[in-house]
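Structural characterization, general
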Amino acid sequence: ETLYDKIGGQAAITQVVTRTLDLSLQDPRIKHTFARSKMDRLAKHISDQVCQLTGGPCIYTGVTMKKAHVGLELTTLHFNALVENLQQAMREANIPTATQNKLLALLAPMHRDVVEK
Ligand code: HEM
């Protein structure tokens, strides 16, 4: 069983990503960073990326993590805020803690490409 299956497949990934972005758009720590973003397109790209990363049948067609976040001046505080929102979204979707932690471990190394200072 892949991590993709453990999470609950495409439906669960779409739900979690959409909820994470909704929480982030209401989050005073990071909502400003999304001011110019097309949120539907962003949700699709992040869902594809998580699907591919966890062993699912998707292909991520967006740009590299470095390119996607250049100029946003994101800090570790911004990064942690997004991770907190993702954790809340996963809890709400009843994803088991061990499975949550496996996804977080796959995303953690992206910190160096996302954060600029
Ligand atoms: C592990 C952490 C992260 C992952 C996996 C991730 C993933 C992505 C992906 C896949 C894209 C789309 C690239 C494309 O369209 O080609 C993107 C863009 C973006 N991300 Fe992230 N991201 C992460 C962290 C963050 C953080 C911490 C913030 C802000 C707090 C953030 C804000 C944005 C914004 C504003 C865009 C640009 C959207 C646009 O093009 O309009 N991301 N991210």
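Residues numbered from 1 in each chain as written. Predicted model: local features only at pLDDT ≥ 70, side-chain atom pairs only at ≥ 80, totals over all residues.

An unreviewed UniProt entry lists the chain under the name Group 1 truncated hemoglobin, with Paremcibacter congregatus given as the organism. Per UniProt, the chain has the following entry under Sequence similarities (unreviewed entry): "Belongs to the truncated hemoglobin family. Group I subfamily." (UniProt positions renumbered as here; feature names shortened; annotations may be inferred.)

Take unusual backbone geometry next. At E73, a residue that is not glycine, the phi angle is positive and equals roughly 55°. Take E73: there are 11 C-beta atoms within 10 Å of it, and that puts it in the exposed class. In this structure, N94 takes a positive phi of about 60° despite not being glycine. (Buried ≥ 20, exposed ≤ 12 C-beta atoms within 10 Å, placed from the backbone.)

This brings us to the site of the ligand. Neighbouring the ligand are 22 residues; I30, S37, G62, A68 and L107 lie closest to it. Taken together, the elements giving at least two residues each to the shell around the ligand come down to α3 (39–53), α4 (65–69) and α5 (76–92). Residue classes in the shell around the ligand are distributed as 13 nonpolar, seven polar and two charged. (Near = placed C-beta within 6 Å. Helix = DSSP H or I, 4+ residues; strand = E, 2+ residues; numbered from the N terminus. Nonpolar A, V, L, I, M, F, W, Y, C, P; charged D, E, K, R; others polar.)

Below, the discussion takes up the packing of helix α2 (residues 9–25) against α5. In the contact formed by α2 and α5, the axes pass within 8 Å of each other and the chain directions differ by 130°. Put simply, α2 runs oblique to α5. Here α2 and α5 pass one another in a crossing that is right-handed. Contact residues: α2 offers V16, R19, T20, L23 and S24, while α5 offers L82, N85, L86, Q88, A89, M90 and E92. Its residues placed into classes, the contact of α2 with α5 shows six nonpolar, four polar and two charged. (Axes fitted to C-alpha atoms, helices over the stretch in contact; angles between N-to-C directions. Parallel < 35°, antiparallel > 145°, perpendicular 65-115°, else oblique. Left-handed = near helix turned anticlockwise from the far one by under 90°. Contact = placed C-beta atoms within 7 Å.)

Its place among the elements puts P96 in the loop between α5 and α6 (97–107). For the pair formed by P96 and L82, sequence separation is 14 residues and the distance between their alpha carbons is 19 Å.

Counting 17 residues, the largest nonpolar core has I7, I13, V16, V17, V50 and M90 as the members making the most contacts within it. Put simply, the parts of the chain that give this core at least two residues each are α1 (3–7), α2, α3 and α5. Not counting residues up to four positions away in its chain, the partners in contact with V17 are A43, I46, S47 and V50. (Core = buried A, V, L, I, M, F, W, Y, C linked by C-beta atoms within 7 Å.)

Moving on, we come to the environment of K31. The residue K31 is located in the loop between α2 and α3 in this model. Judged by the 13 C-beta atoms lying within 10 Å of it, K31 falls in the partly exposed class. Ignoring anything within four residues of it in the chain, the contact list for K31 reads S24, L25 and Q26.

Now for α3. With 15 residues, α3 extends 21 Å from end C-alpha to end C-alpha; this agrees with the ideal 21 Å at 1.5 Å per step. Two residues or fewer after α3 comes G55, characterised by a positive phi angle close to 95°. (Expected span 1.5 Å × (residues − 1).)

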